Structures are given as C-alpha cells and as structure tokens.
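Chain by chain, the residues:
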Amino acid sequence: EGLQLQLMQDLANDTPCELVIVTPVETKAQTEARDAASKRGSQRSKEGSQRDGEEDDGSGQQRARLHVKGESGCTDSDATKILTALRAFARPETPAGLCVSSGKPVVVNCILDDKRFGSSAIAALGAVAISQLHVPLKDKSDVVVGVLSLMNKVSFKTGKSGGPFDTDIDIPAAVSTATLIMNTY
C-alpha cells in the first residue's frame, strides 16, 4: 500500500492536480447498502485519511480505497465531497461510472459544460471537481476492478485549479501509474 500511495503522490505532483484517488468498483448492492447506511446517519470522517474502506473486487481480494492530495491540494471539505461522490459506480451517468463501463479513460475538462453527465454529476460533487481524469484499473484478466481518478488539474503558470487535462501527457501518465498500481497487488 505504501508503494501505491507513493505512485499516486508522484502523479498528483507531476500532473499536477488537487487530488488522486484509487477507488475499487462497487456493485449496485454495495452502493445501495452504503446509501441506506448514510441515510441512517452512519457516517465516518474521511478528512486526513488515506485509506477509507475496502471492497471485495470479486477475486476474493480486499482492495482499499486510497487518496492523496497534490501539492496544491483541495480543502478537506472538498476532498470529502469528491470522495463521497466517487463511490457511486453503480451510477453510470458519472464520469467514473463511464470509465468502469467502457474500460477506457474518461476526460472531463469542465463538468459544468459536459453534456454526457448532466446535472446529476454536478449535484453529486457539489461542483468542486471541475476537471477530471478517470483511468480504469484492470486485473490480469482485463476486468475493471477500480478507477484511478485525478481531480482538478492545476495550471503550472497560474496555479489555478480546474483547468483542462493535457490528453498527450496526462492520460499516458495516468495509464502508466494505473498499470504500476495494479502490478503492486
């Protein structure tokens, strides 16, 4: 897990972006159970956490959900909103859900203008993750078992977050990191 976190931190700093997350694929039943528990008021704080739960990916292995902040990381409140929303893989209208269902990287340069995801993605994130890059994590059988997500590209020139990801540089870097992460399992 330490090597995975280091790979994620390097990606967050080199890309750069505010937040990098590895999230295991959730089944519809897991999503419904989590939503029901949340409605009953069963919540735990994720602030400052780098590991916040495990999911069985179907192979019998438990995969932890990990996250790291980039050097210009977002606030803990925004990180919590993003982490909560990204668990909803049973909802294919989200960028991460599209990544899982297609098995391909998904780039969202401005969630506010992206017609693929409509208002549900904006509402789920509270518009704190403007630009997003999601890359599938695939096992040796080429099955998507998780998603590597980069949130809010940060401009090298201005330091402002939410700018577009560079498809020639950022996607290959994220795909390479996803491969390395999967090789550590």
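Reference entry: report on the structure contained in this document. Residue numbers here run from 1 along each chain, matching the order of that chain's written sequence. Under the rules for a predicted model, residues below a pLDDT of 70 receive no local features and side-chain atom pairs below 80 are neither given nor counted, while totals for whole chains, interfaces and linings still include all residues. Only hydrogens and water are set aside when side-chain values are computed; all heavy atoms of the structure are taken into account.

Regarding the side chain of Asp114
What counts, and what does not: Counting from the N terminus, the helices are the DSSP runs of H or I reaching at least four residues and the strands are the DSSP runs of E reaching at least two. Relative accessibility under 20% of the residue-type maximum defines a buried residue, over 50% an exposed one, and the middle range a partly exposed one, all with a 1.4 Å probe and only protein chains included. A 3.5 Å cut-off defines polar contacts: any pair of N or O atoms within that distance qualifies, except that in protein one atom must be a possible hydrogen donor and the other a possible acceptor, and neighbouring residues in sequence count only when both atoms are side-chain atoms. Only heavy atoms enter the contact rule, under which two residues are in contact if any of them lie within 4.5 Å.
With respect to the secondary-structure elements, Asp114 resides in the loop between β4 (106-108) and α5 (118-125). For Asp114, a relative accessible area of 15% corresponds to the buried category. Here Arg116 takes part through its side chain, which lies 2.7 Å from a polar atom of the side chain of Asp114. Contact partners of Asp114, with chain neighbours within four places excluded, come to Val107 and Val108.

Re the pattern of salt bridges
Let me state the cut-off plainly: What makes a salt bridge here is a side-chain nitrogen of Lys or Arg within 4 Å of a carboxyl oxygen of Asp or Glu, nothing more.
Summed over the entire model, instances satisfying the criterion amount to 4 salt bridges. Note that Asp142 is salt-bridged to Lys138, the shortest N-O span being 3.8 Å. Accessibility expressed as a relative area gives 54% for Asp142, which makes it exposed.

Some remarks on the side chain of Thr15
As for its placement among the helices and strands, Thr15 is situated in the loop between α1 (2-14) and β1 (17-24). Polar contacts involving the side chain of Thr15 include one to the main-chain carbonyl oxygen of Leu11, which spans 2.7 Å. Among all residues touching Thr15, those that are not within four sequence positions of it are Leu150, Lys153, Phe156, Phe165 and Asp170.

Notes on the nonpolar core
Put simply, the test is: In these notes, a set of buried Ala, Val, Leu, Ile, Met, Phe, Trp, Tyr and Cys residues joined through side-chain atoms within 4.5 Å is what counts as a nonpolar core.
Counting 23 residues, the largest nonpolar core has Met8, Val20, Val22, Leu133, Leu148, Leu150 and Ala174 as its most contacted members. Those elements giving two or more residues to this core turn out to be α1, β1, β3 (62-69), β5 (132-138), β6 (144-154) and α6 (170-183). Residues Ile21, Cys74, Ile82 and Leu86 belong to the second largest nonpolar core, which totals 11 residues.

Comments concerning the environment of Val68
Mapped onto the secondary structure, Val68 falls in strand β3. Under the relative-accessibility criterion, Val68 is labelled buried at 2%.

Some words on the pairing of β6
What counts here: The criterion for strand pairing is that DSSP finds at least two bridges linking the strands in question.
Along β6, 11 of the 11 residues are buried, which leaves the element largely enclosed by surrounding structure. Pairing between β5 and β6: 7 bridges, direction antiparallel. Across the sheet, Leu133 pairs through a bridge with Leu150, a residue of β6. The antiparallel hairpin formed by β5 and β6 contains 5 residues in its connecting segment, where Asp142 sits at a positive phi of about 70 degrees. Of the strand pairs in this sheet, β6 and strand β7 (residues 161-163) are connected by 2 bridges, and their pairing is antiparallel. Residue pairing for β7: Val154 is matched across the bridge by Ser161. Between β6 and β7, which follow one another and run antiparallel, lie 6 residues, and Gly159 among them has a positive phi close to 80 degrees.

Some points on α6
For clarity, the cut-off: Helix span, as expected, comes to 1.5 Å for every residue beyond the first. This arc is taken over the directions from the axis of the helix to the C-beta atoms.
Here α6 contains 14 residues, and its C-alpha end-to-end distance of 20 Å stays within 8% of the 20 Å for a straight helix at 1.5 Å per residue. All buried positions along α6 are accounted for by Asp170, Ile171, Ala174, Thr177, Ala178, Ile181 and Met182. Projected down its long axis, α6 shows its buried positions confined to an angular sector of 135 degrees, all on one face.

Here's the deal with unusual backbone geometry
In this model, Thr15 is joined to Pro16 through a cis peptide bond whose omega is -25 degrees. Summarising the element assignment, Pro16 is placed in the loop between α1 and β1. Unusually for a residue other than glycine, Asp142 sits at a positive phi of about 70 degrees. Among the structural elements, Asp142 can be located in the loop between β5 and β6.

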